[in-house]
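Observations on the three-dimensional arrangement
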Amino acid sequence: MTESFDYSALLRLIDERSAAFRRAVAAAPDLDAPVPSCPGWTLFDLVRHLGTGQRWWAAIVAAGPAEAPPDQDTAVAPDEPEALLAWYAEANELLLSALREAGPGRACWTWWSAGVSPANAWGVARRRVHELLVHTYDAQLAAGAVESMPAAVALDGVAEFLDTCNSTPAAWPYEPATIHYHATEGRSWLLALDETGAWPAPLTDGHAAASASATGTAEELLLFVWGRRTLGDLRAEGDPQVFERLIAWEPEE
């Protein structure tokens, strides 16, 4: 697992990114504004998605170790802007309260339990930071005023995506490959794909021979792995089909 923020820093980032998200929503012309990076979604849909997610993960963390997650809260989000933002703020505080009460090491159900990221409150906090980071970008895009992401958070976001979303013991169904991601801020990551699954791998002198590579700022790389940018937005080398296959792959564990 890649080195990341400590637990207290993650909780602070959830609070900070949540405030940035609310500011972006409040600055938008209305809740019917389309979200270009989430085709078919309005800003209301985005707030409802993120608020429902915060409530669900709060319940998951509070439940502790479990074989399955609790049911999601089906309460209807209010459609008046001020009430909706208050509903979202409440959801965010429910998550933070659950995380504070749990402490970083409390085990809980997660959908990534077979991967690199730990199935505990620390892993949940890290995942929610980056959900907030990217969805704040989505909201800012809808509002027409995108701000630069904090570089250190975006760097961890790339690592977190590899640890959580791109790590699996499911066998890679193609010939073995490696992908090298390089951030212009000076950080790099390697993803290995073979019959043992997909795993972030240590960087060695051999990483120059990766099957494919992508270079950009941490923010550009993060938006690429989250599907907000295309390979054409980065400096890419090697076999682009490796990226295409990874993006389309739905492993069965």
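Being a predicted model, the structure only gives us computed values, none of them experimental.

So, how was this worked out
- Residues numbered from 1 in each chain as written.
- Predicted model: local features only at pLDDT ≥ 70, side-chain atom pairs only at ≥ 80, totals over all residues.
- Heavy atoms only, no water.
- Helix = DSSP H or I, 4+ residues; strand = E, 2+ residues; numbered from the N terminus.
- Rg over C-alpha atoms; globule rule 2.2 N^0.38 Å.
- Buried < 20%, exposed > 50% of the residue type's maximum accessible area, 1.4 Å probe, protein only.
- Contact = heavy atoms within 4.5 Å.
- Areas by Shrake-Rupley, 256 points an atom, 1.4 Å probe, with all protein chains shown as cover.
- Salt bridge = Lys/Arg side-chain N within 4 Å of Asp/Glu carboxyl O.
- Phe/Tyr/Trp six-rings, centres within 6.5 Å; stacked < 30°, edge-to-face > 60°.
- Expected span 1.5 Å × (residues − 1).
- Polar contact = N/O pair within 3.5 Å; in protein donor to acceptor, adjacent residues only side chain to side chain.
- Disulfide = S-S within 2.5 Å.
- Pairing = 2+ DSSP bridges.

Considerations on the overall build of the chain
When its secondary structure is counted, the chain shows 7 helices and 5 strands. For the chain, the N- to C-terminal ordering of α and β elements is α-α-α-α-α-β-β-β-β-α-β-α. Rg of the C-alpha trace for the chain: 18 Å, near the compact-globule value of 18 Å for 253 residues, within the 12% margin. Projecting the C-alpha coordinates of the chain onto the three principal axes gives extents of approximately 55 × 40 × 30 Å. Taken across its 253 residues, the chain has 51% of its residues classed as buried. Residue pairs in contact within the chain that sit at least 24 positions apart in sequence constitute 70% of those at least 6 positions apart. Accessible surface for the chain amounts to roughly 11,600 Å². Of this, 51% is attributable to carbon and sulfur atoms.

Re the pattern of salt bridges
The full count for this structure, using the stated rule, is 10 salt bridges. Residue D156 pairs with R126 through a salt bridge whose shortest N-O separation is 2.9 Å. In this pair, D156 is assigned in helix 5 (residues 151-164) and R126 in helix 4 (residues 121-143), connecting sequence segments 30 residues apart. Among the residues examined, D156 registers a relative accessible area of 4% and is labelled buried. For R228, the salt bridge goes to D138, with nearest N and O atoms at 2.7 Å.

Structural notes on the environment of L155
Mapped onto the elements of the fold, L155 is located in helix 5. L155 sits 36 residues away from L191 along the chain, and the two C-alpha atoms are 15 Å apart. Ignoring any residue separated from it by four or fewer positions in sequence, one finds L155 in contact with A183, E185, R187, W189 and A218.

Here's the deal with the packing of aromatic side chains
Here the structure, examined in full by the defined rule, presents 11 aromatic pairs. A centroid spacing of 6.0 Å and a plane angle of 25° characterise the contact between W57 and W109, whose relative ring orientation is stacked. Here the residue W57 occupies a position in helix 2 (residues 43-63), and W109 occupies one in the loop between helix 3 (81-102) and helix 4, the gap between them amounting to 52 residues. Under the relative-accessibility criterion, W57 is labelled buried at 3%. Using a relative accessible area of 19% as the deciding quantity, one classes W109 as buried. Members of the aromatic cluster, joined through ring pairs, are W56, W57, W109, W111 and W112.

Side note on helix 3
Structurally, the α-helix is built with 3.6 residues per turn, so residues lying three or four positions apart point the same way. Helix length check: helix 3 (22 residues) gives 32 Å between terminal C-alpha atoms against 32 Å at 1.5 Å per residue, within 8%. Buried residues along helix 3 sit against helix 1 (7-27), helix 2 and helix 4. For helix 3, the side-chain oxygen to backbone nitrogen distance between the N-cap and E82 is 3.2 Å, and the N-cap itself is E80. Phi turns positive one or two residues past the end of helix 3, at G103, with a value near 80°.

Quick look at the state of the cysteines
A complete count under the given rule lists 0 disulfides for this structure. Between C38, a cysteine without a disulfide, and C165, which holds the nearest cysteine sulfur, the sulfur-to-sulfur distance is 15 Å. Here C38 falls in the buried class, since its relative accessible area comes to 9%. Here C108 stays unpaired: no disulfide links it, and the sulfur of C165, its closest cysteine neighbor, is 16 Å away.

Side note on the pairing of strand 3 (residues 197-201)
Strand direction decides the pairing type here: strand 2 (residues 188-194) and strand 3, joined by 5 bridges, are antiparallel. Its bridge partner being in strand 3, L190 is matched across the sheet by A201. The turn linking strand 2 back onto strand 3 is made up of 2 residues.

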